[in-house]
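# Observations on chain architecture
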Amino acid sequence: MANTVIINGDNRKFTLSPELKLYALIDAGFVKTVKGNFNYEHPLYNDSPYNAPTKLKMTINKDLNHLTMVITDRNGLQKVNIFKNKQLAPTVELLNYILKDLEERNIIVAVKD
């Protein structure tokens, strides 16, 4: 699995864990699509998830060997760089917490250079 992703504005790289299990995806909140892929969306919010300005979107293909990961605006249409705005530090902190959780569940792993 040579598929490596970088979140817009971040310098860390991630790839799918070689120990990835289907049940771990379901436990983490991934939803199976009609085409068999697995989607994950998590609002990145400070106060309320209902008015979150950004969200983390991930997709893993049905063969569990291809990953996409992006931070988008509320509508999910535009990519957003949360790392260049100091006021979004709590949002970055929440993103780090989510990524750490996904690593602990053996869904993704950080790629060392």
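For the structure given in this document, a descriptive report is provided here.

The rules behind the values
- Residues numbered from 1 in each chain as written.
- Predicted model: local features only at pLDDT ≥ 70, side-chain atom pairs only at ≥ 80, totals over all residues.
- Heavy atoms only, no water.
- Buried < 20%, exposed > 50% of the residue type's maximum accessible area, 1.4 Å probe, protein only.
- Helix = DSSP H or I, 4+ residues; strand = E, 2+ residues; numbered from the N terminus.
- Pairing = 2+ DSSP bridges.

## A few points about unusual backbone geometry
Excluding glycine, most residues fall at negative phi; most peptide bonds, likewise, are trans. Its identity as a non-glycine residue notwithstanding, Leu-64 has a phi of 60°, on the positive side. A relative accessible area of 21% means that Leu-64 is categorised as partly exposed. Positive phi, close to 60°, is recorded for Asn-106, a residue that is not glycine. What makes Asn-106 partly exposed here is its relative accessible area of 30%.

## Comments concerning the pairing of strand E4 (residues 54-60)
Along E4, 5 of the 7 residues are buried, which leaves the element largely enclosed by surrounding structure. Bridge count for strand E3 (residues 38-44) against E4 is 7 bridges, and the pairing is antiparallel. Counterpart to Leu-44 in the pairing with E4 is Thr-54. As judged from the 7 bridges shared by E4 and strand E5 (residues 67-73), these two strands associate in the antiparallel manner.

Purely spatial values, then, with no claim about function.
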